Amino acid sequence: MDLTILHDNMLLLITLATALIFALFSIMLWYHALRYTLNRRKTMIFLVTQTVVGTLLLVLSAILAIQL
Amino acid sequence: MNADVLSLEANERVLAVVHRHWLTLALRLFSITIFALFPLVTWIIVLIGAGLTPTLPYDLTQYTPHFAVLYANWLVYIIIILGQTLLNHHLDVWVVTSDRIVSVDQQGFFSRSTGSFQLRRLRDVNVEVRGILPTLLNYGTIEIETASDGPSEFRAHHIPRPLELKEIIMAANTAVTAGEY
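Here's what I pulled together on the structure shown here.

Cut-offs applied
- Residues numbered from 1 in each chain as written.
- Chains lettered and ligands numbered in written order.
- Predicted model: local features only at pLDDT ≥ 70, side-chain atom pairs only at ≥ 80, totals over all residues.
- Heavy atoms only, no water.
- Helix = DSSP H or I, 4+ residues; strand = E, 2+ residues; numbered from the N terminus.
- Buried < 20%, exposed > 50% of the residue type's maximum accessible area, 1.4 Å probe, protein only.
- Contact = heavy atoms within 4.5 Å.
- Areas by Shrake-Rupley, 256 points an atom, 1.4 Å probe, with all protein chains shown as cover.
- Expected span 1.5 Å × (residues − 1).
- Bend = angle between axes of the 7 residues up to and from the residue.
- Salt bridge = Lys/Arg side-chain N within 4 Å of Asp/Glu carboxyl O.
- Buried area = accessible area lost by both parts, 1.4 Å probe.
- Polar contact = N/O pair within 3.5 Å; in protein donor to acceptor, adjacent residues only side chain to side chain.
- Nonpolar A, V, L, I, M, F, W, Y, C, P; charged D, E, K, R; others polar.

### Structural notes on the overall build of chain A
Okay, so step 1: Within chain A, the regular secondary structure consists of 3 helices and 0 strands.
Okay, so step 2: Listing each helix as α and each strand as β along chain A from the N terminus yields α-α-α.
Okay, so step 3: In chain A, which comprises 68 residues, the share counted as buried stands at 32%.
Okay, so step 4: Sequence separation of at least 24 residues holds for 53% of the intrachain contacts in chain A that already meet a minimum separation of 6.
Okay, so step 5: Surface exposure of chain A reaches about 4300 Å², of which carbon and sulfur atoms provide 76%.

Below, the structure written as structure tokens:
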């Protein structure tokens, strides 16, 4: 796998850094939300929506960054 | 309902679960929306300005894909802030049970304070609804005084239908002192 694309593409690096931060945040969010919520079903819907939307944005960003 | 969070006793029943009024969340969401849209609006204004300036030596629209990448990353951070805001709002809760009032204040991922007040130690419950918006939307401050060795006053702001909640608390207090529960 040619990793020089990361060195040449600052936007892709930014996207990867954002993805790492988002992953860390999502783990904390899921843990705290499911541990302390009084309504599990509603919380699960929110967590899944939030994770899916964030992931889609990151994938879009990565695709655009690679094509540039 | 996930009652394990409250550590209920054997005969304890949940009478009311109250979150802050939706207006507090709406105001925060509005400011987050402004932050989310700010870069997009700025870029559109810059492009319009560049379009109106024919003497510009370079074409700014060629950088729109670059902007799109950065804006997508910006939106991910907005989603992080949004998730934290919604979580804090959802986890801030007052629960009135047959024996006590449980107050939970979630201030962040690593900051959470929980208070519990026995109904039989309740001395007084005061409600304050002040202002045009609170009166129209029926939310206000509820203040509880207890006879305890620790902190004896507790106040919660932006509580929806505070008078109804006061009635529930007073009825539960009467039932506890009369030994119904």
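From this point on, the discussion continues.
### Here's the deal with helix H1 (residues 22-51) of chain B
Residue and element names in this part refer to chain B.
Okay, so step 1: The first and last C-alpha atoms of H1 sit 42 Å apart over 30 residues, in line with the 44 Å expected at 1.5 Å per residue.
Okay, so step 2: A bend of about 35 degrees at Leu37 is the largest found in H1, and the proline Pro39 appears one to four places after it.
Okay, so step 3: For H1, the complete set of buried residues consists of Leu23, Thr24, Leu25, Ile32, Ala36, Pro39, Trp43 and Ala50.
Okay, so step 4: Buried residues belonging to H1 abut helix H2 (64-91), helix H3 (132-137), strand E6 (139-146) and strand E7 (153-160).

### Focus: the pattern of salt bridges
Residues and elements named next belong to chain B.
Okay, so step 1: Scanning the entire structure with this criterion turns up 6 salt bridges over all chains.
Okay, so step 2: A salt bridge links Arg130 to Glu128, with the nearest nitrogen and oxygen atoms 3.5 Å apart.
Okay, so step 3: One salt-bridge network, held together by shared partners, links Arg20, Asp92 and Asp105.

### A closer look at the interface of chain B and chain A
Okay, so step 1: Each partner contributes to the interface: chain B provides 29 residues, whereas chain A provides 29 residues.
Okay, so step 2: Carbon and sulfur atoms make up 80% of the area that chain B and chain A hide from each other, which totals about 2600 Å².
Okay, so step 3: Joining chain B to chain A, the criterion identifies 0 salt bridges.
Okay, so step 4: Summed over the shared surface of chain B and chain A, the number is 6 residue pairs in polar contact (both at pLDDT 80 or more).
Okay, so step 5: Residue assignment for the side of chain B that touches chain A shows that the elements contributing at least two residues are H2 and strand E2 (93-97) of chain B.
Okay, so step 6: If one sorts the elements of the side of chain B that touches chain A by residue count, H2 of chain B sits on top with 18 residues.
Okay, so step 7: Across the side of chain B that touches chain A, the residue classes break down as 21 nonpolar, 7 polar and 1 charged.

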